[in-house]
Structures are given as structure tokens and as C-alpha cells.
Amino acid sequence: MAEGWLNWGLSTRCVHAGTVEDTVAGGVNTPIFASSAFRVPGPTGRVVYPRYQNIPGQVAVAQKIAALENAQAGIVVASGMAAISSVFLAFCQTGDHVILHRDLYGGTLGLARKELPRRGIDITWVDAFHVEDFEAAFRPQTRLIYVETPSNPLMNILDLETLAQMARSRGVLTVVDNTFATPINQNPLDLGIDIVVHSGTKYLNGHSDLCCGAVVGAASLLEAITPVISLYGPSLSPYDCFLLERGLKTLALRMARHNHNAMAVAAYLAQDPRVARVYYPGLSEHPHHHIAARQMRGFGGMLSFEPKGNTKTAHRVMERFHFFQPAVSLGGVESLACFPVETSHASVPPLQREQMGIRDTLIRLSVGIEDTEDLLKDVDQALEAVL
Ligand SMILES: Cc1ncc(COP(=O)(O)O)c(C=O)c1O
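Bear in mind the structure is a predicted one, so any value in this text is a computation, not a measurement.

With that settled, the discussion passes to the sheet that holds strand 11 (residues 336-338). Strand order in the open sheet formed by 5 strands is 8-9-12-11-10, with mixed pairing between adjacent strands. Edge strands, defined here as strands with exactly one partner in the open sheet, are strand 8 (275-279) and strand 10 (325-326). Sheet topology note: the strand 11/strand 12 (residues 363-366) ladder contains 3 bridges and is antiparallel. Bridge pairing in strand 12 places C338 opposite R364. Against the sheet, helix 11 (residues 311-320) touches strand 9 (302-307), strand 11 and strand 12, its axis set at about 25 degrees to strand 12.

Applying the stated rule across the entire model yields 13 salt bridges. Between R118 and E115 there is a salt bridge; the shortest N-O distance is 2.9 Å. Exposure remark for R118: the relative accessible area of 60% places this residue in the exposed category. The salt bridge involving R257 is made with D371; its shortest N-O contact spans 3.5 Å. Here R257, found in helix 9 (residues 251-270), pairs with D371, found in the loop between strand 12 and helix 13 (372-386); they are 114 residues apart in sequence, far enough to count as distant.

Of the positions making up helix 4 (residues 106-115), those classed as buried are G106, T108, L109, G110, L111 and A112. If you follow the buried residues of helix 4, they end up packed against helix 3 (80-91), strand 2 (97-101), strand 3 (122-126), strand 4 (142-148) and helix 12 (350-356).

Turning our eyes to something else, we now look at the domain arrangement of the protein. By domain assignment, the protein separates into domain 1 (4-248) and domain 2 (253-386). In this complex, domain 1 contributes 40 residues to the contact, which on the side of domain 2 involves 41 residues. For the pairing of domain 1 and domain 2, the buried interface totals around 3,100 Å² over both sides, and the portion due to carbon and sulfur atoms is 55%. Contact with domain 2 buries area across many residues of domain 1, yet L154, N185 and Y203 alone supply 24% of it, more than any other trio. There are 1 salt bridge connecting domain 1 and domain 2. Two residues, R294 and D159, come together in a salt bridge whose shortest N-O distance is 3.1 Å. Along the contact surface separating domain 1 from domain 2 lie 22 residue pairs in polar contact (both at pLDDT 80 or more). Those elements that place two or more of their residues in the side of domain 1 that touches domain 2 are helix 4, helix 5 (160-168), helix 6 (182-185) and helix 8 (238-248).

Before going further, it helps to spend a moment on the site of the ligand. Neighbouring residues of the ligand: 15 residues in total, closest G80, M81, D177, S199 and T201. In this structure, an oxygen atom belonging to the ligand sits 2.8 Å away from a main-chain N or O atom of M81. Interatomic distance of 2.9 Å between a side-chain N/O atom of K202 and an oxygen atom of the ligand. For the ligand, the protein covers 90% of the area, taking 390 Å² as the surface of the free molecule. By residue number, the principal contributor to the shell around the ligand is helix 3, which donates 3 residues. Here the residues of the shell around the ligand sort into 6 nonpolar, 6 polar and 3 charged.

This part covers helix 8. Considered for burial, the residues of helix 8 that qualify are P238, C241, L244, E245, G247 and L248. If you follow the buried residues of helix 8, they end up packed against helix 1 (10-16), helix 2 (56-68), strand 1 (73-77) and helix 9.

Analysis parameters
- Every residue gets a number counted from 1 within its own chain, in the order that chain's sequence is written.
- Per-residue local features of the predicted model are confined to residues with pLDDT of at least 70, and side-chain atom pairs are confined, for both listing and counting, to 80 or more; whole-chain, interface and lining totals are unaffected and use all residues.
- Only hydrogens and water are set aside; all other atoms, that is, all heavy atoms of the structure, feed into the side-chain values.
- A pair of strands counts as paired when DSSP detects no fewer than two bridges linking them.
- Runs of E in the DSSP output that reach at least two residues are strands. Runs of H or I that reach at least four are helices, and both are numbered from the N terminus.
- Residue contacts are counted whenever heavy atoms from the two residues lie within 4.5 Å of one another.
- Note on geometry: axes are lines fitted to C-alpha atoms, helical ones only across the stretch in contact, with angles between N-to-C directions running from 0 to 180 degrees.
- Any carboxyl oxygen of Asp or Glu within 4 Å of a side-chain nitrogen of Lys or Arg constitutes a salt bridge here.
- Between buried and exposed lies partly exposed: a residue is buried under 20% and exposed over 50% of the maximum accessible area for its type, with that area taken using a 1.4 Å probe on protein chains only.
- An automatic or database domain assignment is the source of the domain bounds shown.
- Two parts lose some accessible area (1.4 Å probe) when they are put together, and adding that loss for both gives the buried area.
- The term polar contact refers here to a pair of N or O atoms within 3.5 Å; inside protein, the definition further demands a hydrogen-donor-capable atom paired with an acceptor-capable atom, and it admits residues adjacent in sequence only when both atoms are side-chain atoms.
- By convention in this text, a residue qualifies as near a molecule or strand provided that one of its non-hydrogen atoms is within 4 Å of it.
- Only the protein chains shown count as covering a residue, and every accessible area follows the Shrake-Rupley method with a 1.4 Å probe.
- All amino acids are sorted into three groups, where Ala, Val, Leu, Ile, Met, Phe, Trp, Tyr, Cys and Pro are nonpolar, Asp, Glu, Lys and Arg are charged, and the leftover types, Gly among them, are polar.

Structure below.
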């Protein structure tokens, strides 16, 4: 099946790309190959072992994600953070310099702040959303640039094509966390980006019952990452590979519904006098809407908003939600709500949060695939009860 997916649409890739044939029973799904010991020599002549990223379930699901991202190769790992840290470990060493956007997932910020300096890796943080602002950050030692778009939790958008050109002309690697957009809505590699990472825990799996991650890119780049994963060991079990592969089969369908529902909720909130601010790249008034419209096929299921009033008001709105359950994480079929200051960005110092524009009243919604009307009613009744 390798490369056969090139002519397939994204929904077909979700269902069929990477599937390993069941030659024993003729089942239509990749079987769960539950071995951690494989005979030598194996059918491929290579040693097969879970930590080497080459057991059939890992290969199958990594191929599906690579196919969806138009990548030559991919690997799956035990969490999004394992994917992200493996990239830094593979490409950065003492004396290197990296450029990081400030608007990143809190765990990635923590990794950069705590782990990179003690490995002798220098960081330049870029705050602005004009790609030109990255220009001044380059140094002769710059090894890579790392960004998220849409960003968490303010849904800011970076122009990936311009960023990729700027970095490539200097021989600097570009890495994008595509968790929020998913490959259904955005393919950074097609815009010239070198490496894409995912928290597969979110939309890729989509059912809030699995922790996993993925890295995709050119085969030559993945060859540098695989040995790091073999050494540090965050491999994904055959059972988790099965769950992820099953979840991915409906990714295109789910994303269509997430996109639709989030747009409806964002539009509703944007016209509501009880709401101070809405952050969703699909809204024409979003400051980066024109870039999002160029580089994304859909605007995703994530949005943030601030109800009018103070922190207490925001907490009361949260308590009133019925379908938007107060929970961390995102990207599952069910709608969730959280305060980024208490969850994803709790470890970010308050002053820095303020500089980033993440206020105490900011509520982040992961809009699920429930009926649109039910979600709109839920938002309305929660605001009505409080404001
Ligand atoms: C955008 C983004 N990237 C990466 C991660 C880390 O993923 P994981 O929790 O699977 O390690 C998260 C987790 O919330 C995230 O939101």
C-alpha cells in the first residue's frame, strides 16, 4: 500500500492508508500484533522491537498519519511531549541556538525553559505574530524554529510559508505543532515546513481515551529522530496503536463537524453583548483571519472567549455549562471547557501570561461533535444565568 495513497483524498487516507493486511483471517483491520519479541531473522531481515518503532501496529498508524500530512515518513510515540522532546533531542546540542514562538502549549514552554538551557542550548523567544519579527532572531548557531499555529489558547496564526522560506534560506529547520489544526485542516509540510509534531492524544485519536504523539517529515529527518526514541524509549504499545488507528479512521468526518460547531459557537459569542472577546481564526474580525484563510482548509474546533465581568463571573459561567465539561485536554468528540490560567498555562508566571494576553477570565472551549443547537443553547443558558 506504500505511497498508493498519493492519489487518494484525505477521508480515504483516514480509512485505508497504512493498513496492514490480515493474512490469517482476512479481517479488514490491522491486526493487533501483541508481541514484544519477534523472531530473527524476521520477514524484513531487520530486528523488530517496539522501542525501535518498527512493530506492525506502529508502522501502520505512522504511515496513516504521514499520508495525511503528505510526509515521506512518520513515527508514533507515547505522548505529544515525547514527540516534541525527541525533536529537540535529535537536532539540538550544546552551543546551538533555537528560536521559539512565545505562544506555545505550557508543557512545551516548560520543556524549553527547564531542559534546553541545562543542555547548553540558547533560546530566543519571539512574541509577535508578524513573521518578519523572526528575522532579527537568527544567529549563525540557529538550528531550528519551533511554532504552533493556531496557538494555544489565543488561536493566533503564523504565516507558515513565509516562515519556512526565511528559515530554509538560512539552513534552519522549521518545526510546527499541528495538534490544533490537524492534517485535515492544515498541512505545514506543503507550505515548506520541515517537521510536524502532534499530540495524538487530541484530535488524531479523538475519543479522550489515549495518550500518544507523532512526528512526520522527510525520511532523512525521521532517521535522525528514531535512534533518539530507541534510546529514551517512549514507544507506543500495540494496543494503543490499534486505538489510534481506529480513531484516525473518522478524523476527516469528525473535523468537519468540529469545524462547523466551533464556527457556529464563535459566531454566536461574537455577536453576544455579554461577551468581551472571542478568539477564533474563522471569524473575519480575527486579526490573522486572512492568513488562516490562506493556509487552512477549516478553522478547527478550538476557540477561546472572555465573558464580561471579573474572574468570579467567568467561574460562574463555567459552573453553569452543561455539555461543556470542565476538563483538561481537548480534541475529543465531547465538548470541554477550561481556564488556561489553571490548566495548560498554570506553570507560566503570571506576568508572562499577562504579556501573552492570557487573562484570568479567558475560557477555552474544545467544541465537540454534539448537535450544534444543543451547544449554542448551552452557551446561551450559561451566560444568561450569570450576566
Ligand atoms: C498543542 C499541544 N501540543 C502538545 C501537547 C502535549 O501533548 P501530550 O499531552 O499528548 O503529551 C498538548 C497537550 O495538551 C497540546 O495542547
